[in-house]
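# Descriptive analysis of the structure
So the chains spell out like this:
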Amino acid sequence: MKRVAAVANAGGSHLMAMCAIGRELQRRGHEFVLIGTPYQRSQLRIADIRFCPIGDDAHDPVRTYVEGARQTGSVSISGTVRYMKDMAHLLCTEVP
């Protein structure tokens, strides 16, 4: 048995794709954990996927990105770049 961890991007489709991969790995006898932000945890509807939260809810780059897109009705390039920068910082400081 191997241990596998994955990080999901902000999009719901990315989260569901990682869950599908995780389920298949579990079916094959491996241990799987999905790493993400508290907002992503709130979006996860699959109970059999282990989730490891990183960061805190008050400074969640995914929440900021999604709520900004909802408010404006679109995703801006500057918002996307800010999300990528903030998420990279979070991953580099919290995951290791």
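Preceding this paragraph is the structure being described.
Below or above, wherever it landed, is the structure these notes cover. Please read these numbers as outputs of a predicted model, since none were measured by experiment.

## Description of the pairing of strand S1 (residues 3-7)
The pairing of S1 with strand S2 (residues 31-36) spans five bridges and is parallel. Paired with Ala6 across the bridge in S2 is Leu34. Handedness of the crossover joining S1 and S2 through helix H1 (residues 12-27) is recorded here as right-handed.

## Brief notes about the layout of surface pockets
Taken as a whole, the largest pocket encloses approximately 230 Å³ of empty space. What lines the largest pocket is a set of 15 residues, among which Thr64, Tyr65, Gly68, Gly79 and Arg82 lie closest to the centre. For the lining of the largest pocket, the secondary structure elements donating two or more residues are helix H3 (61-72) and helix H4 (77-94). Ranked by residue count, the leading element in the lining of the largest pocket is H3, at six residues. Grouping the amino acids of the lining of the largest pocket by side-chain chemistry returns five nonpolar, seven polar and three charged. In this model, the second largest pocket occupies a volume close to 170 Å³. Taken together, Gly55, Asp56, His59, Pro61, Asp86, His89, Leu90, Thr93 and Glu94 make up the lining of the second largest pocket. A per-element tally of the lining of the second largest pocket places H4 first, with five residues. Classifying every residue of the lining of the second largest pocket gives two nonpolar, four polar and three charged.

## Here we look at H1
In a regular helix each residue adds 1.5 Å, so 16 residues correspond to 22 Å; H1 covers 22 Å between its end C-alpha atoms and thus fits that length. Every buried residue of H1 is listed here: Leu15, Cys19 and Gly22. The buried residues of H1 all sit within an arc of 65° when viewed along its axis, so they share a single face. Counted as exposed and oriented over 90 degrees from the buried face of H1: Ser13 and Arg27.

## Let's talk about the pattern of salt bridges
For the coordinates displayed, the defined rule picks out eight salt bridges. Close ionic contact of Glu24 with Arg27 constitutes a salt bridge, the shortest N to O distance being 2.6 Å. Here Glu24 and its partner Arg27 are both found in helix H1, three residues apart, which amounts to about one turn of the helix. Lys85 serves as the salt-bridge partner of Asp86, at 3.0 Å between the closest nitrogen and oxygen. Taken together, the shared-partner salt bridges in this structure form one network comprising Arg3, Glu31 and Arg50.

Parameters and conventions
- Residues numbered from 1 in each chain as written.
- Predicted model: local features only at pLDDT ≥ 70, side-chain atom pairs only at ≥ 80, totals over all residues.
- Heavy atoms only, no water.
- Pairing = 2+ DSSP bridges.
- Helix = DSSP H or I, 4+ residues; strand = E, 2+ residues; numbered from the N terminus.
- Right-handed = clockwise from strand over helix to strand, strands pointing away.
- 1 Å grid on protein atoms, 1.4 Å probe; cavity = no way out; pocket = protein on both sides within 12 Å on 5 of 7 lines; lining within 4 Å.
- Points joined across faces, edges and corners; volume = space filled by probe spheres on them.
- Nonpolar A, V, L, I, M, F, W, Y, C, P; charged D, E, K, R; others polar.
- Expected span 1.5 Å × (residues − 1).
- Buried < 20%, exposed > 50% of the residue type's maximum accessible area, 1.4 Å probe, protein only.
- Arc of directions from axis to C-beta.
- Salt bridge = Lys/Arg side-chain N within 4 Å of Asp/Glu carboxyl O.

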